[in-house]
Amino acid sequence: IKDMTFKNFDYRRVNLPPEQRENLEHAYRTALNFAQSPEGWLVLMGETGCGKTHLAAAVANYNRQAGRPVLFIVVPEFLDHLRSTFSPESKVSYDQLFESVKTTPLLILDDFGEHSTTSWAQEKLYQVINYRYNARLPTVITTRLALHQMESPIASRLADPKISTPFEIKVPDYRGDVRSQKRIPRGRRGS
């Protein structure tokens, strides 16, 4: 993700209709504003390949460059690492890993919703989200899911206008014309 910056994010894609190009530029500006002053939450929603991860990584890289601590985590990998701490060979304890994710000054959760939906996984993610919500810690979340497709205790926090800015990126996959199986319904909030 080191190479994903605001400088190399292409929001002027000439192959897009004007309204999609405008939406992508608005997403870029929203993420850049968040990076410059990380307060509250930014929830980037959209199809696979629309630029969510690039913008989230750009937020992380911008803050790293400014000397501010940031933790970028791919949610399914985080849950795998958390499970692996139960192994006797683990070099990091469950408590160390879980606390570092909950309390980091700026957290990026990439690919939220791409994890297995076991009750354990849902509980751990809820605990992270709820802790950061109550502590008002800056957080960026990327997801292919619409808010109404998430568990309501999590969706409620991600939709809270006092802390969160949900933004739907309404452009197709950069890598080709691949359509997601979990599309966000048209007319959802985001521009």
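Up top is the structure these notes are about.
This report concerns the structure included in the present document. From a predicted model like this one, the values you see are computed outputs, not experimental measurements.

Focus on the environment of F9
Tracing the backbone through its elements, the reader meets F9 in the segment before helix 1 (18-36). For F9, a relative accessible area of 6% gives the class buried. Each C-alpha atom of the pair F9 and L24 lies 10.0 Å from the other, and the pair is 15 residues apart in sequence. For F9, the residues in contact, after removing those within four places along its chain, are L24, Y28, G51, H54, L55 and Y174.

Some details on the pattern of salt bridges
In the structure shown here, the tally under the stated rule is five salt bridges. Ionic pairing is found between R83 and D80, a salt bridge with its closest N-O pair at 3.1 Å. Highlighted residues: R83 and D80, both in helix 3 (residues 75-84), separated by three residues, approximately one helical turn. R83 sits in the partly exposed class, given a relative accessible area of 32%. We note a salt bridge from E99 to K102, for which the minimum N-O separation is 3.1 Å.

Digging into helix 4 (residues 94-103)
Of all the positions in helix 4, only Y94, L97, F98, V101 and K102 are classed as buried. Projected down its long axis, helix 4 shows its buried positions confined to an angular sector of 125°, all on one face. Looking at the buried positions of helix 4, the neighbouring elements they touch are strand 2 (71-74), helix 3, strand 3 (107-112) and helix 5 (119-135).

Considerations on the packing of aromatic side chains
Counted under the stated rule, the structure contains six aromatic pairs. Judged by centre distance (6.3 Å) and plane angle (75°), the rings of F6 and Y62 are edge-to-face. With F6 in the segment before helix 1 and Y62 in helix 2 (residues 52-65), this pair connects stretches of sequence that are 56 residues apart. The class for Y62 is partly exposed, based on a relative accessible area of 31%. On the numbers, 6.1 Å between centres and 15° between planes, the contact of F9 with Y28 is stacked.

Reading the values: rules and limits
- Residues numbered from 1 in each chain as written.
- Predicted model: local features only at pLDDT ≥ 70, side-chain atom pairs only at ≥ 80, totals over all residues.
- Heavy atoms only, no water.
- Helix = DSSP H or I, 4+ residues; strand = E, 2+ residues; numbered from the N terminus.
- Buried < 20%, exposed > 50% of the residue type's maximum accessible area, 1.4 Å probe, protein only.
- Contact = heavy atoms within 4.5 Å.
- Salt bridge = Lys/Arg side-chain N within 4 Å of Asp/Glu carboxyl O.
- Arc of directions from axis to C-beta.
- Phe/Tyr/Trp six-rings, centres within 6.5 Å; stacked < 30°, edge-to-face > 60°.

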